[in-house]
Protein chains: 2
Amino acid sequence: MSVESKSQQAYRFIRERIDDGRYVPGYRLVLAQIAGELDVSVVPVREAIRRLEAEGLVTFQKNVGAQVALIKETEYLHTMQTLALVEGFATSLTAPYLTPEQLGRARAINDEMRRTLEDFEPHRFTELNLEFHAVLFEGCPNPHVLDLVHRGWNRMRVLRDSSFSFVPGRARASVEEHERIVELIEQGADALEIELAARQHRTATLDAVLAYQADHKPASAPAPQAVAT
Amino acid sequence: MSVESKSQQAYRFIRERIDDGRYVPGYRLVLAQIAGELDVSVVPVREAIRRLEAEGLVTFQKNVGAQVALIKETEYLHTMQTLALVEGFATSLTAPYLTPEQLGRARAINDEMRRTLEDFEPHRFTELNLEFHAVLFEGCPNPHVLDLVHRGWNRMRVLRDSSFSFVPGRARASVEEHERIVELIEQGADALEIELAARQHRTATLDAVLAYQADHKPASAPAPQAVAT
DNA sequence: ATATCCGAAATCATATACGATCCCGCGTGG
DNA sequence: CCACGCGGGATCGTATATGATTTCGGATAT
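One numbering rule holds for all chains: residues counted from 1, following each sequence as written. Lettering for chains starts from A, numbering for ligands starts from 1, and both go in the order in which the items are written. Totals for whole chains, interfaces and linings use every residue, but because this is a predicted model, local features are given only for residues with pLDDT of at least 70 and side-chain atom pairs only at 80 or more, for both listing and counting. In computing side-chain properties, one takes all heavy atoms of the structure into account and sets aside hydrogens as well as water.

*Asks:* Quick question: what am I supposed to make of the overall build of chain A here?
*Replies:* Regarding its fold elements, chain A presents 10 helices and 3 strands. Residue burial in chain A is summarised as follows: out of 229 residues, 49% are buried. Long-range contacts, defined here as pairs at least 24 residues apart, represent 73% of the contacts in chain A between residues at least 6 apart. For accessible areas, the Shrake-Rupley method is used with a probe of radius 1.4 Å. Any residue's cover is judged against the shown protein chains and nothing else. Of the roughly 11200 Å² that chain A leaves accessible, carbon and sulfur atoms contribute 55%. Numbering of helices and strands starts at the N terminus; helices are DSSP runs of H or I of at least 4 residues and strands are runs of E of at least 2. Relative accessible area decides the class of each residue, using a 1.4 Å probe on protein chains only: under 20% of the type maximum gives buried, over 50% gives exposed, and in between gives partly exposed. Here, two residues are considered to be in contact whenever any of their heavy atoms come within 4.5 Å of each other.

Quick look at the structure:
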């Protein structure tokens, strides 16, 4: 029972491709084409795209069509700033409820991250970074805040290169901050203290990313409009 | 030119009714009925409802239909908590950009609020309260955060009685806090200080509302499913 | 009296069809 | 050579039609 509705199916189809980068920002989503690939009619696809639009992953222009949202530099900054805010708060909210077992898992993940530093596995590092924070949000008493965190993550994923949390010269500090956050939680530190530590952790990463990009990115502004598959 | 699309029209139609309370939480949104009222087909109405669903104003059940979201007590608390967070941050972000003129307007609104206290005009008070904060968000450099604030306000509006920001015994303190926030901004206070002041301002209101409701609400749990018009 | 099953009504979900709008390239005139 | 307008192709926007699912009331059996 409960066969997934076709609009739901279409939603996941597109979403998946945006998340893993097959549909890069700027990629045009043509209703008829996607409908054809999925072997459904255009109506469910439209619904899916409208939903993605409401989530900010896709922009839609009347009588023209939809494309994966182009996130400008400034918007990236805004999203990260917001993410720092809600992640920090979520961390402080969840802190009192975390069990020693969960904190142990967080530590284990962080140790693993430390290891990937030596072996230089940036992708694994990024992955573990997400896991680490996910553990710290387990059991967050405010699902609404958690929802905002996830929205932020999704938006970040649209431009993967930037969500890439491994920044040379910053990664080690990041691991240390993780350690410190776990310690604060263990000590039952003040909620505000935890919040600000977690917020600063994210903000520092943002600054590092920006500095890194400013150093390494030439003045090229490649036009998207790429083709997938 | 640029005639509003019918799905947009449907969206506004429904949205308006949710906002002003004609469609109370739990009210069933029947596609064909709404389509008939607007004299359009069901397809655009579906889209509108899907969008409202993504925004959290409406819940949708496959093969059953949509209804205005029922917000539970705890969820109300969560939303308010989140709102306190993002409003506080938005206030601190905007603070450095506010001109004396804008601060003057904020003060004027607050003075007006003080006046409504004496004349006992709770509705006007609530209205002005929104205006006051809206002024403080003018020119917020992070539209993303601002978007979250508006989302929060929308959600609040779904259950108007609770968004009613006039609470006996609390209103006066609220006005004083407004004054203090404006002062902090004028003095060019530290961003964090402003943020926490604004956050606390909202949190205190939340507490007051909860305390008030606990005092005054009998153990009745009226079932919605009301009918509009 | 109560539980269960059946069928009709209501409503949703999707496909298909057609008209509307926009974009872009080509031709014409300056 | 450039500006302008026109037409065709691509794509969207919506209406209509039909099949699918759920819901609910009533009949029947225990």
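*Asks:* Mind showing me how you'd approach the protein's contact with DNA strand D here?
*Replies:* Any residue with a heavy atom lying within 4 Å of a molecule or strand is counted as near it. Around DNA strand D, the surrounding shell holds 19 residues, and the nearest of these are Arg46 and Asn63 of chain A together with Lys6, Ser41 and Asn63 of chain B. Counted by atom, the contact set of DNA strand D within 4 Å of the protein is 88% sugar and phosphate. Contacts to DNA strand D include serine 41 of chain B, whose side-chain N or O atom sits 2.4 Å from a phosphate oxygen. In protein, a polar contact requires one atom able to donate a hydrogen and another able to accept it; more generally it is a pair of N or O atoms within 3.5 Å, and residues adjacent in sequence count only if both atoms are side-chain atoms. Asparagine 63 of chain B places a polar side-chain atom, nitrogen or oxygen, 3.4 Å from a sugar or linking oxygen of DNA strand D. For the surface near DNA strand D, the secondary-structure elements that each account for two or more residues are β1 (28-29) of chain A together with α1 (6-19) and α3 (42-54) of chain B. For this classification, the nonpolar set comprises Ala, Val, Leu, Ile, Met, Phe, Trp, Tyr, Cys and Pro, the charged set comprises Asp, Glu, Lys and Arg, and every other residue, Gly included, is treated as polar. When its residues are assigned to classes, the surface near DNA strand D shows 9 nonpolar, 6 polar and 4 charged.

*Asks:* Help me understand the interface of chain A and chain B, please; the structure alone is not making it clear to me.
*Replies:* One frequent convention defines the size of an interface as the accessible area lost when the parts assemble. Between chain A and chain B, the residue contacts involve 29 residues of the former and 29 residues of the latter. The buried area of a pairing is the accessible area, by a 1.4 Å probe, that goes missing from both parts when the two are put together, added over both. Between chain A and chain B, a total of about 2600 Å² is buried, with carbon and sulfur atoms accounting for 60% of that surface. Of all residues in chain A, the largest losses of buried area upon contact with chain B belong to Glu47, Leu85 and His144 of chain A, amounting jointly to 21% of the total for that side. The salt bridge definition used is simple: a Lys or Arg side-chain nitrogen within 4 Å of an Asp or Glu carboxyl oxygen. Along the contact surface separating chain A from chain B lie 6 salt bridges. Of the charged contacts in the structure, one is a salt bridge between glutamate 47 of chain B and arginine 46 of chain A, with a shortest N-O distance of 2.6 Å. Of all elements in the fold, only α3 (42-54), α4 (73-94), α7 (143-158) and α10 (191-216) of chain A reach the threshold of two or more residues within the side of chain A that touches chain B. Residues of the side of chain A that touches chain B, tallied by class, amount to 12 nonpolar, 8 polar and 9 charged.

*Asks:* Sorry if this is basic, but what is going on with the relation of the copies chain A and chain B here?
*Replies:* Taken together, a rotation about one axis and a shift along it account for how the two chain copies relate. Residues reaching a pLDDT of at least 70 in both copies supply the C-alpha atoms on which the copies are superposed by least squares. For the pair chain A and chain B, the superposition axis carries a translation of 0.1 Å, the fit reaches an RMSD of 0.1 Å, and the rotation angle comes to 180 degrees. Taken together, these values place the two copies in the relation of a two-fold axis. An overlap of 100% is found between the interface residues of chain A and their copies at the interface of chain B, pointing to a shared contact surface.

*Asks:* What's the story with the pairing of strand β3 (residues 65-68) of chain A in this structure? I'm lost.
*Replies:* Side-chain direction in a regular strand flips from residue to residue, so the side chains alternate between the two faces of the sheet. Residue and element names in this part refer to chain A. Of the two faces of β3, the one lined by Ala66 and Val68 is fully buried and the one lined by Gly65 and Gln67 carries no buried residue. Two strands qualify as a pair provided DSSP detects at least 2 bridges between them. Taken together, the 2 bridges between β1 and β3 define a ladder with antiparallel strand orientation. Within the sheet, the bridge partner assigned to leucine 29 lies in β3 and is alanine 66. In this structure, strand β2 (residues 58-61) lies alongside β3, joined through 4 bridges in antiparallel fashion. Counterpart to valine 58 in the pairing with β3 is valine 68. Here β2 hands over to β3 after 3 residues, with asparagine 63 in that stretch at a positive phi of 60 degrees.

*Asks:* Help me understand the protein's contact with DNA strand C in this model?
*Replies:* With respect to spatial proximity, 20 residues lie near DNA strand C, and among them Lys6, Ser41 and Asn63 of chain A together with Arg46 and Asn63 of chain B are the closest. Near the protein, within 4 Å, the atoms of DNA strand C are sugar or phosphate in 87% of cases. In the environment of DNA strand C, a sugar or linking oxygen lies 3.2 Å from a nitrogen or oxygen atom belonging to the side chain of asparagine 63 of chain A. A distance of 3.3 Å is found between a phosphate oxygen of DNA strand C and a backbone nitrogen or oxygen belonging to leucine 31 of chain B. Grouping the constituent residues of the surface near DNA strand C by class yields 10 nonpolar, 6 polar and 4 charged.

*Asks:* Even after reading the chapter, I still don't get the side chain of arginine 50 of chain B, so can you show me in this structure?
*Replies:* Secondary-structure assignment places arginine 50 of chain B in helix α3. Sequence-distant contacts of arginine 50 of chain B, that is, excluding residues within four places in its chain, are made with Ser7 and Glu47 of chain A together with Phe60 of chain B.

*Asks:* Help me out: how do you make sense of α4 of chain A in this one?
*Replies:* Side chains that are three or four residues apart share a direction in an α-helix, a result of its 3.6 residues per turn. By this rule the span expected of a helix is its residue count minus one, scaled by 1.5 Å. A rise of 1.5 Å per residue sets the reference length of α4 of chain A, with its 22 residues, at 32 Å; its end C-alpha atoms lie 31 Å apart and thus fit the reference within 8%. Among the 22 residues in α4 of chain A, 17 count as buried, and that is most of the element.

*Asks:* Explanation requested: the environment of glycine 152 of chain A in the structure shown.
*Replies:* All names here are of chain A. Mapped onto the elements of the fold, glycine 152 is located in helix α7. A relative accessible area of 6% places glycine 152 in the buried class. C-alpha of glycine 152 to C-alpha of leucine 83: the two residues are 69 residues apart in sequence and 5.8 Å apart in space. Once you skip the residues sitting within four places of it in the chain, glycine 152 turns out to touch Thr79 and Leu83.

*Asks:* Sorry, what's going on with the sheet that holds β3 of chain A here?
*Replies:* Within a sheet, neighbouring strands are paired by backbone hydrogen bonds and run either parallel or antiparallel to one another. Read across the sheet, 3 strands follow the order β1-β3-β2 (chain A) without closing on themselves; strand pairing throughout is antiparallel. Because the sheet does not close on itself, it has two edges, and the strands there are β1 and β2 of chain A.

*Asks:* What should I look at first to understand the side chain of arginine 15 of chain B in this one?
*Replies:* With respect to the element layout, arginine 15 of chain B can be found in helix α1. The exposure class of arginine 15 of chain B is buried, given its relative accessible area of 13%.

*Asks:* Explain the environment of glutamate 47 of chain B here, please?
*Replies:* Tracing the backbone through its elements, the reader meets glutamate 47 of chain B in helix α3. When its relative accessible area of 5% is taken as the criterion, glutamate 47 of chain B is described as buried. Here the alpha-carbon distance between glutamate 47 of chain B and tyrosine 11 of chain B, two residues 36 residues apart in the chain, equals 8.1 Å. Setting aside chain neighbours within four positions, we find glutamate 47 of chain B in contact with Arg46 and Arg50 of chain A together with Ser7 of chain B.

*Asks:* So what exactly am I meant to see when it comes to the packing of aromatic side chains here?
*Replies:* Aromatic rings considered in pairs are described by the distance between their centres and by the relative angle of their planes. Residue and element names in this part refer to chain B. Stacked, edge-to-face and tilted labels apply to pairs of Phe, Tyr and Trp rings (six-membered ring for Trp) whose centres lie within 6.5 Å, assigned for plane angles under 30 degrees, over 60, and everything in between, in that order. Evaluated as defined, the whole model comprises 4 aromatic pairs over all chains. Summarising the aromatic geometry, the rings of tyrosine 23 and tyrosine 27 are spaced 4.4 Å apart at their centres and angled 20 degrees between planes, so their arrangement reads as stacked. For tyrosine 23, a relative accessible area of 4% corresponds to the buried category. When the ring of phenylalanine 137 is compared with that of tryptophan 153, the centres are 6.2 Å apart and the planes differ by 40 degrees; the resulting orientation is tilted.

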